[in-house]
Amino acid sequence: MKLLRDTWLVFGRYFWIFIHNPAWVAIGVVQPLLYLVLFAPLLKSIASAPGFPRGGAYNVFVPGLLVQLGMFGAAGVGFSLIAELRMGVIERLRVTPVSRVALLLGRALRDVLSILVQSLILILLSIPFGLSINAIGIVVVLALIALIGLLTASVAYAVALWVRSENSYAPIIFTSALPILLLSGVLLPLGLAPQWLRNIALANPLSYAVDAARAVFLGNLGDPSVVKGVVLMAVLCLVSIAIGARAFGRAVA
Amino acid sequence: MAVGAPVIETHGLRRAFKTRKQVVEAVAGVDLTVRPGEIFGFLGPNGAGKTTTLRMLATLLPPSGGTATVAGCDLLTQPDRVRERIGYVSQAGGSDYEVVGRLELIFQGRLYGMSREDASRRAAELIEMLELEVCADRPVKTYSGGQKRRLDIGLGLAHNPQLLFLDEPTTGLDPQSRARVWDEVRRMHDRGTTVFLTTHYLDEADALCDRIAIIDYGKIVAEGTPEELKRAVSGDVVTLSVAGPQQAALDALRTQPYVREASIEDATVRLYVDRGEVAMPAMLRRLDAVGLQLLTIGLHRPSLDDVFLRKTGRSLREVAA
């Protein structure tokens, strides 16, 4: 009960900060548009390449873009936390009896909300271009993206609390995010990849999320890869929340 | 002086930090007693262990050893209950530049479990008390240094804590803002709040604090009221001169029981006494009795810097510079 109340309080604060910064809101809306305008036109011709999965260019690419949005949209959230460490905000919050889990969850859920709004814009704008998906599919895929966002944000906040400086945070986060993203089949389906690359991808949790998202977009809601992807992300999410909350609770010198 | 169970009591409190090569004892066994209702000053140069001690007492940093009771609760086993009873204002402050001051105060109150209405009412109270009306509804980034410091103190007071920690509350403030912060601290004191503050300003410790502890290299080297500390170190110095040879005055006074030491320097008699305000009238009577005419007289009290110098062999002014 206290956890819910505290999480709601913390969420409210960070939501306020977010919507009072017009730049963030603008970026949130423009980013999915950029994907559609600058990237989608490339899809038409490549969809006929050999080895390309069946089911329309948009239904193959949009799920990948969404997973990417979920991950990269949350990877940078640590920067704001480092600024707050410097202003003494985090220390001030840690001295209050507020739940440490709520300190993480409240702000991570704000990040998730912004990712979900962007994802929804991307999906809806893609429909006129030929994306076909039903309402249940949208809900399942948004749930998946939310888990990816929550997972990434929790890890990002934990890293920010450990390193406490932008100069260490940026290389750590982006050099680890890039291989994870490339090895997930986000950009191009791994069906096009040589066998060794596919083997490595098997160890990458995000590739299961991409598989699940693609299955949903191809209308195979009952496909085992969907359950597999969602459950895997949910479990990793819980682990990363525990790690992130610990980082908030632990003393930072 | 207020009586009652101590608000803070520590025994052998210590904190070590590991660096790549060695273990550094930032706080090396601190025993402290802070009584209810007092303004307790923690005085020492930068790096002496003031902030580390404060952060341990405020539940932010687990001690490496020792025990502590803060606001009636055990620091190690009941940190949550300690948190409910204390306020803490760090050197950096704690308010977010992007957020409106009033919302920060409301949010802070709600973190302590207040309802939205109670938190709003309390925020309005604090804004009035700290005279933040002109800026309360603007983002913190528009505040002057003094306004921001007062808001940060307001955040520490949101839940009306019985004990408030202030880490270097006036560092970086102009003299006028500094005086206002002092006034604020005195008003908290008048309302019965116990204030524990760190400072490296001698005059601040002297003017503001009921009792102080001087810390150096992680250890407390002296503790007491500013008056006691100064008296213990060197007593007061009375300088005087008389018409005619000064030697006559020296001879008349050096045998008096209240004079510890006497000498003549620059045609002035210097007399070291325990308490100048008691010794001076007696000296006047004595000089009168032996028929010497007084020309000048002055009382010099030792500063806390003399205390620090005596205890550590260094001057705090040099260390701070």
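Along each chain, residue indices are assigned from 1 in the same order as the chain's sequence is written. Each chain takes a letter, starting from A, and each ligand takes a number, starting from 1, following the order in which they are written. Given that this is a predicted model, residues contribute local features only at a pLDDT of at least 70 and side-chain atom pairs are listed and counted only at 80 or more, while totals for whole chains, interfaces and linings are drawn from all residues.

A.B. asks: For this particular structure, what's the right way to read the overall build of chain B?
C.D. replies: Secondary structure elements are defined from DSSP: runs of H or I of at least 4 residues count as helices, runs of E of at least 2 residues count as strands, and each element is numbered from the N terminus. Secondary structure summary: chain B contains 12 helices and 14 strands in total. For chain B, the spread of C-alpha atoms along the principal axes amounts to about 75 × 50 × 40 Å. The 321 residues of chain B split such that 43% are buried. Expressed as a percentage of contacts within chain B between residues at least 6 apart in sequence, the contacts between residues at least 24 apart total 69%. Exposure is read from a count of other C-beta atoms within 10 Å of each residue's own; the residue is exposed at 12 or fewer, buried at 20 or more and partly exposed in between. C-beta atoms are placed from the backbone. Residue pairs qualify as contacts under a 7 Å threshold applied to their C-beta atoms, which are placed from the backbone.

A.B. asks: Even after reading the chapter, I still don't get the sheet that holds strand 10 (residues 219-224) of chain B, so can you show me in this structure?
C.D. replies: As a general point, the strands of a sheet are linked pairwise by backbone hydrogen bonds and lie either parallel or antiparallel. All names here are of chain B. The strand order 6-7-8-3-9-10 describes an open sheet built from six strands, whose pairing is mixed. The strands lining the two open edges of the sheet, one partner per strand, are strand 6 (86-89) and strand 10. Taking each pair of neighbouring strands and ignoring which way they run, the sheet shows an average axis angle of 15°. Looking at chain direction, strand 3 (residues 39-43) and strand 8 (residues 194-199) are connected through five bridges and run parallel. When the sheet's bridge partners are listed, isoleucine 39 is paired in strand 8 with valine 195. Think of each axis as a best-fit line through the C-alpha atoms, taken over the contacting stretch in the case of a helix, with angles from 0 to 180 degrees between the N-to-C directions. Most of the contacts of helix 1 (residues 50-57) go to strand 7 (residues 163-167), to which it runs at about 150°, and overall it touches strand 3, strand 7, strand 8 and strand 9 (211-216). Here, any two strands with at least 2 DSSP bridges between them count as paired.

A.B. asks: Just to check I follow, could you spell out the interface of chain A and chain B for this structure?
C.D. replies: Where the parts come together, the accessible area they lose is often given as the size of the interface. Listed as interface residues are 18 residues of chain A and, on the opposing side, 24 residues of chain B. When contributions to the side of chain A that touches chain B are tallied by element, the ones reaching two or more residues are helix 1 (2-19), helix 5 (78-87) and helix 6 (89-95) of chain A. Sorting elements by how many residues they give to the side of chain A that touches chain B places helix 6 of chain A first, with five residues. Class assignment of the residues belonging to the side of chain A that touches chain B gives a composition of 10 nonpolar, two polar and six charged. In this classification, Asp, Glu, Lys and Arg are treated as charged, Ala, Val, Leu, Ile, Met, Phe, Trp, Tyr, Cys and Pro as nonpolar, and every other residue, Gly included, as polar.

A.B. asks: Whenever I open this one, the sheet that holds strand 14 (residues 294-300) of chain B confuses me. Can you help?
C.D. replies: Residues and elements named next belong to chain B. As summarised here, the arrangement of the four strands in space is 12-13-11-14, forming an open sheet in which the pairing is antiparallel. At either margin of the open sheet sits one strand with a lone partner, and together these are strand 12 (259-265) and strand 14. Ignoring strand direction, the axes of neighbouring strands in this sheet form an average angle of 20°. For strand 11 (residues 236-242) and strand 13 (residues 268-273), the ladder comprises five bridges, and the chain directions are antiparallel. Looking across to strand 13, one finds that valine 237 is bridged to tyrosine 272.

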